Amino acid sequence: MSELISAVKNLQSARASKIQTEHQSTDFSPEPIETKNSEKKQRVRGKRSNPSFEQVTAYIRKDTYLKAKMALLQEGRDFSDLVEELVSAYLRTQTRELPGTRAHAQTK
């Protein structure tokens, strides 16, 4: 288990330096965000500040999480992207329509 944790940490470190290198070489213009000092800082809007996203918590086995995290780091993907993908796939398999959806309103 400790070898798995070390491998995850090494992959995280490698990915962080790769992302830093990519951001340095990528020409993008993040939206300015005003700070309390009225200075404008260039910052990319993340999921935390995006109202389209909701933070959730789930309990999964540690070894499952570490293995998934290793695989995702190798793919350059985020854990939240995996969760979004899996929940969306699950919802597509459901036969009943969820309240609040257009299909649900049409069946009434």
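The structure we're discussing is the one just above.
Everything numeric in this text was worked out from a predicted model, so none of it was measured.

Conventions and cut-offs
- Position numbers for residues count from 1 along each chain, tracking the sequence in the order it is written.
- Under the rules for a predicted model, residues below a pLDDT of 70 receive no local features and side-chain atom pairs below 80 are neither given nor counted, while totals for whole chains, interfaces and linings still include all residues.
- To get the side-chain values, all heavy atoms of the structure are used, and hydrogens and water are removed first.
- The way it works is that DSSP assigns letters per residue, a run of H or I at least four long becomes a helix, a run of E at least two long becomes a strand, and they are numbered from the N terminus.
- Type-normalised accessible area, obtained with a 1.4 Å probe on protein chains alone, sets the label of each residue: buried when under 20%, exposed when over 50%, and partly exposed for intermediate values.
- Note on contacts: a residue pair qualifies if any of its non-hydrogen atoms lie within 4.5 Å across the two residues.
- Using a 1.4 Å probe, the Shrake-Rupley method yields the accessible areas, and only the shown protein chains count as cover for residues.
- In this analysis, the protein atoms alone were mapped onto a 1 Å grid. Cavities are point sets where a 1.4 Å probe fits without being able to get out; pockets are open sets with protein on both sides within 12 Å along at least five of seven lines; lining residues have an atom within 4 Å of a point.
- Grid points are joined across faces, edges and corners, and a volume is the space filled by probe spheres set on the points.
- As a working rule, the residues Ala, Val, Leu, Ile, Met, Phe, Trp, Tyr, Cys and Pro are called nonpolar, Asp, Glu, Lys and Arg charged, and the rest polar, with Gly in that last group.

Q: Where do I start with the overall build of the chain in this structure?
A: On a plain count of helices and strands, the chain comes out with 4 helices and 2 strands. In the chain, the succession of helices and strands from N to C terminus is α-β-β-α-α-α. A burial count over the chain gives 9% of its 108 residues as buried. Of the contacts formed within the chain by residues at least 6 apart in sequence, a portion of 43% connects residues at least 24 apart. Of the accessible surface of the chain, which amounts to about 9,700 Å², a share of 51% is contributed by carbon and sulfur atoms.

Q: Just checking my understanding: could you explain the layout of surface pockets for this structure?
A: Empty space among the atoms becomes visible once a probe the size of a water molecule is rolled across them. Reported here for the largest pocket is a volume of approximately 940 Å³. Lining the largest pocket are 24 residues, with Glu54, Val56, Phe79, Ser80 and Val83 sitting closest to its centre. By residue number, the principal contributor to the lining of the largest pocket is helix H3 (residues 79-93), which donates 9 residues. Residue composition of the lining of the largest pocket, by class: 13 nonpolar, 6 polar and 5 charged.

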